[in-house]
Number of protein chains: 2
Amino acid sequence: MSIHDFLAPPSVSCQRAGPNDRIVMSSRVRLARNLKKLPFPAWAKKPDRLRVLEAIQPAVESLPQLAPHFAVAMDDLAALDKQVLVERHLISREHAAKGAGSGLVVNQEESLCVMINEEDHLRMQAIRPGLQIKACWQSIDAVDSALESKLDFAFTPELGYLTACPTNLGTGIRVSAMLHLPGLVLAEEITRIINAANKLNFAVRGLYGEGTEALGNVFQVSNQMTLGESEAQIIERIGKALSQIIEEEENSRALLLEKKPNTVFNHIGRAYGILANAHTISSKETMNLLSLMRLGVDLGMFPSVDRSLTDELFLLTQPAHLQRQHTEKLGAEERDTLRSDMLRERLRTVPRPQPPK
Amino acid sequence: MSIHDFLAPPSVSCQRAGPNDRIVMSSRVRLARNLKKLPFPAWAKKPDRLRVLEAIQPAVESLPQLAPHFAVAMDDLAALDKQVLVERHLISREHAAKGAGSGLVVNQEESLCVMINEEDHLRMQAIRPGLQIKACWQSIDAVDSALESKLDFAFTPELGYLTACPTNLGTGIRVSAMLHLPGLVLAEEITRIINAANKLNFAVRGLYGEGTEALGNVFQVSNQMTLGESEAQIIERIGKALSQIIEEEENSRALLLEKKPNTVFNHIGRAYGILANAHTISSKETMNLLSLMRLGVDLGMFPSVDRSLTDELFLLTQPAHLQRQHTEKLGAEERDTLRSDMLRERLRTVPRPQPPK
C-alpha cells in the first residue's frame, strides 16, 4: 500500500475542523529526542544511523496511539511522495532530503507523525486542526512517556534532553500554530504583530517554516526557547500570544469591513475573478489569491462555499499534489496551465462573491 | 435641448457598424480651412474670433448634409459636456479648452462634426464606423465644396489652403483611423508596426491623439504630410497602409491562437474575471481590460456578447460619461467605485469566457 492510499485525500482531510479554524489552520507540538551514546544524525555514519532507525521504528510502531499507522524508510519513498508529505506539513523539507537510516511513522488521521533521523534521532509531533495546542501537548506527551519506557533517551538533570542543535536543548519542545492572517496583512498591521511576537521570544515564519515566505498570508508562530521554562509554561505563554494574535486578526477584519469595505471586496472579488478565469497561474499567485478567497468565505461573501474547499485547493494546487494528479512528468509551465484548469473547473459552480449582508 | 438629448446614447451609437470594425473602430477625414484676411484663432482678438464664428456658423448650419444638427458656442457648454464630447472623439481636447468665439456643429448621427475657431477657423470632419476613409473623404469633400461657395477661404495657388500650423498647409487634410490592435500588442509586434508606419510618414498616436497613451490597445494612425500629394493620393496611400496593419493584426491573432492559445485565453479570462468582480477600478485599467474582452468577443469566447457591449462600456466608463450618470460631483475614488459597480452589473449576466471551438 502506498502512503497515498493510506492517508485521506485532501477533500476529506481538509474537512477536519477545530476551534478557531477561521484563523488557526493547525496547531502542532513537536518533541526532539536522541538516544544515549549514539552520534547525532548529522555526524553519524550509516551503520549508526541504521542502528538508530532499527531501535526507534519498532518502538514507535508498537504504540497503540498511532494505530492504524504507516511506516516507511525515507529511502523507499519516491521524491514526489516526499514532496507531497512536505506540502501536507507532515515532514520537514530537511527530512524529505534524507536517505538511508531516516524513516517516518504517521497515523491515519495525520494527528501524530514521527520522523526518525531528521536533525535529531527522534522528532515526534502531534498535529490538530484549529487552536488545540494543549490537546497536541497531551497527546505527544503520552507518546513521549510511552517511548521513554522502551528507549534510552539522552538526558541530564542539568540540561534536560540533549539535542543536535542547542536551540532545542532542555525540553526539546517546539509549539507552533499555522495562522491565516489576511486581515492583518491587508490592514498593514502584520509587521507590528510580528515585531511584538519576536519581542516575546516567539518566531514568526512562512508557510514551510524557517526561511520561507509567508505565502497565502499564512504565518507559523512558534516558541524559540526550549530551556528555562517547563513545557506547561511554554504552552501557557504561547497560548496567550496566539489568542492575542487571533483577536488582532478579528479586529483587523472588522475594522477593514467598517472603514474600507470596498478595498476588502475588491481584493476578494478580483482574487476570485482571476482564480475562476485564468488559463495559467503559478503556485505562489494561487496561494495568495486563495487566501483572499478564504477570507471571503469567512466574511460570508461565498454563501455556497465551505472553507474546506479553499483549503483543499490550497493543497491540491501545490506542485507535488498537482503532479500526483497527472501521470506524465510536468514542467513548471504545464503545471501552471493544469493548475488553472483545475481551479476553473472547481470554481465553475461557485457564484461570484457578494458583499455580506 | 441639451447636446445629450440630441445625440444618441452610447448604447445606440456603439451599434453603428462598418467594414472591418473588428479592428477599425472608426475612420475620420478632417479638413482645416481659414477665412481670408482674418487672423488665425491663436492670435485673434475676441472681436475677430466672434466675427469668424458669426460668418462660419450660419454657413455650416445651412448645409443640408448636416441636418438634423446641433450647434452650440463652446462658451455655452458645461465643462462636463465638453469632456463628454472629447471622450466621444467629436471634438479635440484643445477645442474643449476654448471659450468665446469657438463653436461646434454636429449632426445627429455623429458622422459630421465642425469645430469653429479651434486651431484654424474651421475644422470639419467626417467620421464613420469601421474602415471607410473614402466615404469619409467624399462626404467631407461635399461639405467643403458647399462651404467654399459661401465662404472666402485663405488659399494660394502655390501653397494651397493656408493654415495656422504649417504641418496642415496645402490640402489641410488629416486622414485617420482608430485601430484596435491587441494582437500586435500581445505578440509584441506593435513597435515594429509603428516604426514601419512612421517610415511611411504616418503618425501613430494614442486614443486621444497627439501625445496621448495607447490605452486599451487603441492606436490612431494618420497622415503627416498635407503638402505635395493630392487628397486622393493621401487617401489611397493611407488606405493601403491601414489594410496592411489590419492584415498584420489578423495574422498576429491567428498566430497567437495557434502558438500560444493559453496566453491569449489567460489574458482574456483574467480581464473578464477582474472586470466582473472588482469593487474599484481606474479608467486606465478598465480600458486595457475591456480591450482584451473585446478581443475575446472577436475570437468567439463570449458567444452571447456583441462587440457593441464592450464598445459601449469603453465609453460609459470614461470619467465624464461616468460623471454624467450621477448627479453629485464625484471624486476620482468614487468614480473608481461607481465604475466597478457598473461593470459588475453589466457583466452579471455575461457567462465566463470559453476557448473558441
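The rules we used
Residues numbered from 1 in each chain as written. Chains lettered and ligands numbered in written order. Predicted model: local features only at pLDDT ≥ 70, side-chain atom pairs only at ≥ 80, totals over all residues. Heavy atoms only, no water. Helix = DSSP H or I, 4+ residues; strand = E, 2+ residues; numbered from the N terminus. Rg over C-alpha atoms; globule rule 2.2 N^0.38 Å. Buried < 20%, exposed > 50% of the residue type's maximum accessible area, 1.4 Å probe, protein only. Contact = heavy atoms within 4.5 Å. Areas by Shrake-Rupley, 256 points an atom, 1.4 Å probe, with all protein chains shown as cover. Lys, Arg positive; Asp, Glu negative; His and termini not counted. Charge placed at Lys NZ, Arg CZ, Asp CG, Glu CD. Buried area = accessible area lost by both parts, 1.4 Å probe. Salt bridge = Lys/Arg side-chain N within 4 Å of Asp/Glu carboxyl O. Polar contact = N/O pair within 3.5 Å; in protein donor to acceptor, adjacent residues only side chain to side chain. Domains from an automatic or database assignment. Nonpolar A, V, L, I, M, F, W, Y, C, P; charged D, E, K, R; others polar. Least-squares fit on C-alpha atoms with pLDDT ≥ 70 in both. Core = buried A, V, L, I, M, F, W, Y, C linked by side-chain atoms within 4.5 Å.

**A look at the overall build of chain A**
At step 1: From N to C terminus, chain A includes 14 helices and 10 strands.
At step 2: For chain A, the C-alpha radius of gyration of 21 Å lies close to 21 Å, the compact-globule estimate for 357 residues.
At step 3: C-alpha extents for chain A along the principal axes are approximately 60 × 50 × 30 Å.
At step 4: Every one of the 357 residues in chain A was classed for burial, and the buried ones make up 57%.
At step 5: Sequence-distant contacts, at least 24 apart, represent 71% of the contacts inside chain A between residues at least 6 apart.
At step 6: Surface summary for chain A: the accessible area is close to 15000 Å², and the carbon and sulfur share equals 53%.
At step 7: Distance between charge centres in chain A, computed from 41 positive and 43 negative side chains, equals 2 Å.

**Looking at the interface of chain A and chain B**
At step 1: Contacts between chain A and chain B engage 23 residues on the former and 23 residues on the latter.
At step 2: For the pair chain A and chain B, the two sides together bury roughly 1800 Å², of which 43% comes from carbon and sulfur.
At step 3: Joining chain A to chain B, the criterion identifies two salt bridges.
At step 4: Close ionic contact of Arg270 of chain B with Glu285 of chain A constitutes a salt bridge, the shortest N to O distance being 2.9 Å.
At step 5: Linking chain A with chain B are 18 residue pairs in polar contact (both at pLDDT 80 or more).

**With respect to unusual backbone geometry**
At step 1: In this structure, Pro68 of chain A follows Ala67 of chain A across a cis peptide bond, with omega equal to -10 degrees.
At step 2: You will see that Lys37 of chain A, though not glycine, has its phi angle at about 60 degrees, which is positive.
At step 3: For Lys37 of chain A, the location among the structural elements is in the loop between β1 (24-33) and α3 (46-61).
At step 4: For His89 of chain B, which is not glycine, the phi dihedral falls at a positive 65 degrees.
At step 5: Mapped onto the secondary structure, His89 of chain B falls in the loop between α4 (79-87) and α5 (93-96).

**A few points about the domain arrangement of chain A**
Interfaces are frequently sized by the accessible area removed from exposure as the parts join.
Residue and element names in this part refer to chain A.
At step 1: Along its sequence, chain A is organised into domain 1 (14-252) and domain 2 (261-346).
At step 2: On a C-alpha basis, the centroid separation for the pair domain 1 and domain 2 is 27 Å.
At step 3: Facing the 21 residues of domain 1 at the interface are 21 residues of domain 2.
At step 4: Taken over both partners, the interface formed by domain 1 and domain 2 buries close to 2000 Å², and the fraction arising from carbon and sulfur atoms is 64%.
At step 5: Taken as a group, Cys14, Arg22 and Glu87 account for 30% of the area that domain 1 buries against domain 2, more than any other trio of residues on that side.
At step 6: Connecting domain 1 to domain 2 are one salt bridge.
At step 7: A salt bridge links Asp21 to Arg307; the shortest N-O distance between them is 3.0 Å.
At step 8: At the boundary of domain 1 with domain 2, the tally comes to 11 residue pairs in polar contact (both at pLDDT 80 or more).
At step 9: Going through the elements one at a time, α4 (79-87) and α7 (182-186) are the ones with two or more residues in the side of domain 1 that touches domain 2.
At step 10: Tallying contributions element by element places α4 first for the side of domain 1 that touches domain 2, with five residues.
At step 11: When the residues that make up the side of domain 1 that touches domain 2 are grouped by side-chain class, the tally is 10 nonpolar, five polar and six charged.

**Looking at the relation of the copies chain A and chain B**
At step 1: Mapping chain A onto chain B leaves a residual RMSD of 0.0 Å; the transformation is a rotation of 180 degrees accompanied by 0.0 Å of translation along its axis. Accordingly, the operation relating the two chain copies is best matched by a two-fold axis. Relative to the rotation axis, the closest C-alpha in chain A is found at Gly273 of chain A, a distance of 1.9 Å.
At step 2: Interface overlap between copies is the fraction of interface residues in one copy that are interface residues in the other; for chain A against chain B it reaches 100%, indicating a shared surface.

**Points about the side chain of Ser340 of chain B**
At step 1: Along the chain, Ser340 of chain B falls in helix α14 (residues 332-347).
At step 2: Sequence-distant contacts of Ser340 of chain B, that is, excluding residues within four places in its chain, are made with Ala278, His279, Thr280 and Ile281 of chain B.

**Concerning helix α12 (residues 307-316) of chain B**
One turn of an α-helix holds 3.6 residues; hence residues three or four places apart share an orientation.
At step 1: Counting buried positions along α12 of chain B gives 10 out of 10 residues, so the element sits mostly inside the fold.
At step 2: Among all positions of α12 of chain B, only Arg307, Ser308, Leu309, Thr310, Asp311, Glu312, Leu313, Phe314, Leu315 and Leu316 of chain B are buried.

**Digging into the environment of Pro64 of chain A**
At step 1: Along the chain, Pro64 of chain A falls in the loop between α3 and β2 (69-73).
At step 2: Considering only alpha carbons, one finds Pro64 of chain A and Val143 of chain A, 79 residues apart in sequence, at a separation of 9.3 Å.

**Remarks on the side chain of His95 of chain B**
At step 1: Mapped onto the elements of the fold, His95 of chain B is located in helix α5.
At step 2: Those residues in contact with His95 of chain B, other than ones at most four positions away along the chain, are Met74, Ser102, Gly103, Met115, Ile116, Asn117 and Glu118 of chain B.

**What to know about the nonpolar core**
At step 1: With 70 residues, the main nonpolar core has Phe302 of chain A together with Phe302 of chain B as its most contacted residues.
At step 2: Listed by contribution, the elements that provide at least two residues to this core are α10 (261-275), α11 (283-298), α12 (307-316) and α14 (332-347) of chain A together with α10 (261-275), α11 (283-298), α12 and α14 of chain B.
At step 3: In this structure Phe302 of chain A touches Ile268, Tyr272, Met293, Gly296, Val297, Val350, Pro351 and Pro353 of chain A, once residues within four positions along its chain are discounted.

**With respect to the pattern of salt bridges**
Opposite charge on two side chains makes pairing possible when the charged atoms of those side chains draw close.
Residues and elements named next belong to chain A.
At step 1: With the rule as written, the count across this model stands at 46 salt bridges over all chains.
At step 2: Note that Arg192 and Glu248 form a salt bridge whose closest N and O atoms lie 3.0 Å from each other. Highlighted residues: Arg192 in helix α8 (residues 190-199) and Glu248 in helix α9 (residues 231-259), separated in sequence by 56 residues.

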